[in-house]
Amino acid sequence: MQAAIQTKDMPIAGSPEATAKPSPLLELRAVTKTYGPVAALSGLEASVAPGEFVTVVGPSGCGKSTLFNIVAGLEEPDAGGILRFEGNSCHAADLLGRVSFMPQRDLLLPWRNVVDNAILALEVEGMPRAQARAKALKMLPEFGLTGFEKQYPHQLSGGMRQRVALMRTFLFERGLMLLDEPFGALDALTRAMMQRWLLDVWQKYRRTILFITHDVDEAIFLGDRVLVMTARPGSVKLEQVVDLPRPRRPEIVTAPEFVRLKRTLLDAIEEESMKSFQSAVAQEKAT
Amino acid sequence: MSGSPLASSPLAVQRGILGAVLLVVCWEGLARGLHLPSYVLPAVSEILAGVWSKRALLGEAAGYTVLEALVGYGLGCLIGIGLAVAITMLPALRAVILPAATAINSVPVVAYSPLILLWFGIGVASKMVMVAMALSFTVFLSTLAGLDRVDRRAIDLMRSFGAGRLSILWRLRLPTALPLLLAGMRVSTVRSVIVAIITEMLGAYGGLGWVIYQAVLQIDFVQVWSAIFVASAASLSFFGMIGFLERKILFWK
Ligand SMILES: Nc1ncnc2c1ncn2[C@@H]1O[C@H](COP(=O)(O)OP(=O)(O)OP(=O)(O)O)[C@@H](O)[C@H]1O
Ligand SMILES: [Mg+2]
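Residues numbered from 1 in each chain as written. Chains lettered and ligands numbered in written order. Predicted model: local features only at pLDDT ≥ 70, side-chain atom pairs only at ≥ 80, totals over all residues. Heavy atoms only, no water.

Looking at the overall build of chain A
Then, in step 1: Helices and strands together make up the secondary structure of chain A, namely nine helices and ten strands.
Then, in step 2: Taking 2.2 N^0.38 as the reference for a compact globule, 287 residues should give roughly 19 Å; the C-alpha atoms of chain A span a radius of gyration of 19 Å, in line with that estimate.
Then, in step 3: For chain A, the spread of C-alpha atoms along the principal axes amounts to about 55 × 45 × 45 Å. (Helix = DSSP H or I, 4+ residues; strand = E, 2+ residues; numbered from the N terminus. Rg over C-alpha atoms; globule rule 2.2 N^0.38 Å.)

A closer look at the pattern of salt bridges
Then, in step 1: This structure, assessed with the given rule, holds 31 salt bridges over all chains.
Then, in step 2: Between Glu142 of chain A and Lys204 of chain A there is a salt bridge whose closest N-O contact spans 2.6 Å. Residue Glu142 of chain A is found in the loop between α5 (129–139) and α6 (158–171), and its partner Lys204 of chain A is found in helix α7 (residues 188–205); the two are separated by 62 residues along the sequence.
Then, in step 3: Between Arg186 of chain B and Glu246 of chain B there is a salt bridge, with the nearest N and O atoms lying 2.4 Å from each other. Of this pair, Arg186 of chain B sits in helix α8 (residues 165–201) while Glu246 of chain B is found in helix α10 (residues 221–249), placing the two residues 60 residues apart along the sequence. Across the pair, exposure class does not vary: Arg186 of chain B and Glu246 of chain B are buried alike. (Salt bridge = Lys/Arg side-chain N within 4 Å of Asp/Glu carboxyl O. Buried < 20%, exposed > 50% of the residue type's maximum accessible area, 1.4 Å probe, protein only.)

Topic: the interface of chain B and chain A
Then, in step 1: With 18 residues of chain B in contact, the opposing surface of chain A contributes 22 residues.
Then, in step 2: Note on chain B versus chain A: buried area summed over both sides is about 1,800 Å², and carbon and sulfur give 70% of it.
Then, in step 3: On the surface where chain B and chain A come into contact, there are two salt bridges.
Then, in step 4: Residue Asp151 of chain B pairs with Arg105 of chain A through a salt bridge whose shortest N-O separation is 3.7 Å.
Then, in step 5: Linking chain B with chain A are two residue pairs in polar contact (both at pLDDT 80 or more).
Then, in step 6: The set of elements that each furnish at least two residues to the side of chain B that touches chain A consists of α7 (152–160) and α8 of chain B.
Then, in step 7: No other element matches α7 of chain B, which puts seven residues into the side of chain B that touches chain A.
Then, in step 8: Grouping the amino acids of the side of chain B that touches chain A by side-chain chemistry returns nine nonpolar, four polar and five charged. (Contact = heavy atoms within 4.5 Å. Buried area = accessible area lost by both parts, 1.4 Å probe. Polar contact = N/O pair within 3.5 Å; in protein donor to acceptor, adjacent residues only side chain to side chain. Nonpolar A, V, L, I, M, F, W, Y, C, P; charged D, E, K, R; others polar.)

A word on the site of ligand 1
Residues and elements named next belong to chain A.
Then, in step 1: The immediate surroundings of ligand 1 are formed by 13 residues, with Ser60, Lys64, Ser65, Thr66 and Arg232 found nearest.
Then, in step 2: Note that an oxygen atom of ligand 1 is positioned 3.2 Å from one of the backbone N or O atoms of Cys62.
Then, in step 3: Within the side chain of Thr66, one N or O atom sits 2.5 Å away from an oxygen atom of ligand 1.
Then, in step 4: For ligand 1, whose unbound accessible area comes to 640 Å², protein coverage reaches 64%.
Then, in step 5: In terms of residues, the shell around ligand 1 owes the most to one element, helix α2 (residues 64–71), which gives three residues.
Then, in step 6: When grouped by side-chain class, the residues that make up the shell around ligand 1 number three nonpolar, seven polar and three charged. (Near = heavy atom within 4 Å. Areas by Shrake-Rupley, 256 points an atom, 1.4 Å probe, with all protein chains shown as cover.)

Regarding the sheet that holds strand β9 (residues 225–229) of chain A
Residue and element names in this part refer to chain A.
Then, in step 1: Strand order in the open sheet formed by six strands is β6-β7-β8-β3-β9-β10, and the pairing between neighbours is mixed. Where the open sheet ends on each side, the last strands, each with one partner, are β6 (99–102) and β10 (236–241). On average, adjacent strands in this sheet sit at an angle of 15° to one another, irrespective of strand direction.
Then, in step 2: With four bridges joining them, strand β3 (residues 53–57) and β9 adopt parallel strand pairing. Within β9, the residue paired with Thr55 across the bridge is Val226.
Then, in step 3: Sheet strands touched by helix α9 (residues 256–286): β3, β9 and β10. Its angle to β10, the strand with the most contacts, is close to 175°. (Pairing = 2+ DSSP bridges. Axes fitted to C-alpha atoms, helices over the stretch in contact; angles between N-to-C directions.)

Concerning the packing of α8 of chain B against helix α9 (residues 208–217) of chain B
Residues and elements named next belong to chain B.
Then, in step 1: Look at α8 against α9: their axes get within 7 Å of each other, and the N-to-C directions meet at 45°. Considering the angle they form, α8 stands oblique to α9. Crossing of α8 over α9 shows right-handed handedness. Residues Ile197, Glu200 and Met201 of α8 pack against Leu208, Gly209, Trp210, Ile212 and Tyr213 of α9.
Then, in step 2: Residues of the contact of α8 with α9, tallied by class, amount to six nonpolar, one polar and one charged. (Parallel < 35°, antiparallel > 145°, perpendicular 65-115°, else oblique. Left-handed = near helix turned anticlockwise from the far one by under 90°.)

Remarks on the coordination of the magnesium ion (ligand 2)
Residue and element names in this part refer to chain A.
Then, in step 1: Protein coordination at the magnesium ion (ligand 2) comes from Ser65 (OG) and Gln104 (OE1), with a distance range of 2.0 to 2.6 Å. Taken together, the positions of Ser65 in helix α2 and Gln104 in the loop between β6 and α3 (114–118) put the pair 39 residues apart, joining distant regions of the chain.
Then, in step 2: Look at Ser65 and you get partly exposed, because its relative accessible area is 27%. (Donors = N, O, S within 2.8 Å, 3.2 Å for Na, K, Ca; no water.)

Let's talk about the sheet that holds strand β2 (residues 38–48) of chain A
All names here are of chain A.
Then, in step 1: Reading across the sheet, the four strands line up as β2-β1-β4-β5 and stay open at both edges, with antiparallel pairing between neighbours. Of all strands in the sheet, those with a lone pairing partner are β2 and β5 (88–89), marking the two edges.
Then, in step 2: Of the pairings in the sheet, the one linking strand β1 (residues 26–35) to β2 comprises seven bridges and is antiparallel in character. What sits directly across from Leu26, in β2, is Val48.
Then, in step 3: Sitting on the sheet, α2 is in contact with β1, β2 and β4 (82–85), with an inclination near 115° to β1.

A short note on unusual backbone geometry
Residue and element names in this part refer to chain A.
Then, in step 1: Omega for the peptide link from Arg232 to Pro233 comes to -5°, which places this bond in the cis form.
Then, in step 2: Locating Pro233 in the fold gives a position in the loop between β9 and β10.
Then, in step 3: For the bond from Arg246 to Pro247, the omega torsion is -5°, close enough to zero to count as cis.
Then, in step 4: In this model, Arg206 sits at a positive phi of 50°, which is unusual for a non-glycine residue.
Then, in step 5: Among the structural elements, Arg206 can be located in the loop between α7 and β8 (208–212).

Let's talk about the nonpolar core
Then, in step 1: Core analysis: the biggest nonpolar cluster contains 51 residues, and Phe143, Leu166, Met167 and Leu198 of chain A have the highest contact counts within it.
Then, in step 2: The biggest single contributor to this core is α6 of chain A, with seven residues.
Then, in step 3: Once you skip the residues sitting within four places of it in the chain, Phe143 of chain A turns out to touch Arg163, Leu166, Met167, Phe170, Trp197 and Val201 of chain A.
Then, in step 4: Counting residues in each nonpolar core, the second largest holds 48 residues, with Tyr73, Ala154, Met185 and Ile212 of chain B among its members. (Core = buried A, V, L, I, M, F, W, Y, C linked by side-chain atoms within 4.5 Å.)

Observations regarding the side chain of Thr199 of chain B
Residue and element names in this part refer to chain B.
Then, in step 1: Turning to its location among the elements, Thr199 is positioned in helix α8.
Then, in step 2: There is a polar contact of 2.6 Å between the side chain of Thr199 and the backbone oxygen of Val195.
Then, in step 3: Setting aside anything within four residues of it in sequence, one finds Thr199 in contact with Lys127 and Met130.

The following block contains the structure:
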């Protein structure tokens, strides 16, 4: 199912190792990151195959956004860890401009309308505005934004702002997409709609996605694989394959396999949440 | 954003006009009722008549002053914005420029006027330089504050798109700085006219400040007030113009 994936940044498949077995698009080995006295990540191991949808869950403050900042190229991990992208070992900074990153907040620019916000990355790349706008206009319907192209962010609802931010991320066509809690601030109904919509769009464009969420249902519903992170310092505690068939229907959340997966994941998360809660309490007492 | 300084509701405009009318009526009544001599306070009607009868003289003087104020304003804004951008792009410059600019500005600009008149002469050039000096620091500080206010995470987002410093400056920092930059520019309008007039009083070939100075020597207080009226009309319209532009440009506020 991953044979047809080709984005312009990926080497053309055909090198001997690529034909044998699809090498991971992204590989992290023993990645550690400390901020002064705070260890945010410690010995994190993970890999993402091309075309995969991997979700990441973990207690608050366990280093999920830190992981994304590293993979987006914004922060360098501590020395000793290994970072591989498209098969080559690299520094985090080499990934700047090669991964499409959607941060935890939408960060739309208030002086740009919907279309011009969506084409921000294309403009940075140097694509002429007219061409970039034409490209964005064609995508509007899929993102449920038809008729809103001239609106400004302050005129949009939360769900729409999120879709504009997603469209900006999609238009920056890169092999790997990082989505940091894209639906975290939405109400349950909008969120469920956005999840189904994201799966549709993902299936159509076949991008590789790494997706952070607080919501276990969301993690299972969307993911091929769920990574559960430990309490801070974060590393991968559990890697759970989700072998539910696609396309997934909303009713799947009540299917026995789904519930079983949820039980396993919740147990793992609860254990870690307890740890981070206890360490927070201990710290409180110490000070 | 409700209650922003930019919002001028019809009610606020009405109140402003009402206040101005009340002031004029009180002034007129006071000056006439108490038979104040014109060296104390001439009546508004007297002043307006003075403006009309001396319209040629005042018009020419206003032309001088407005030219000095506008050119000085443009120069001052360019210098202020340019320095703020330079500091942002080359942070190493910050440690040099900031203390120097603060030191120059720790003394009121008028203190430099003898030197400026000496260097640039009694003509319009010295006034332009004085106005530029007086404004550039205000515009510099407000632009710098605006440029510094940019969201770290937005910069990170731009960097993740592979954007360089220039691209981030142009697409993110400058638009973010605009509200504060324009507020600084709006405040500076009135100051530009004031500084031009004060410098003219210290030595000039023409201009409203020069007219005021001459009128005082000739004990013609109606003319002093006429020149003051024309000067405030000029600075108010300048202020209004920039304020209008500000509202147009900052449509998202
Ligand atoms: N730039 C930084 N400087 C110092 N400490 C940081 C920095 N960024 C993150 N941290 C610390 O690293 C830890 C992990 O932060 P991170 O934002 O990655 O958590 P998270 O899992 O994304 O949390 P949340 O679920 O609340 O978004 C936190 O304790 C945070 O305080
Ligand atoms: Mg986070």
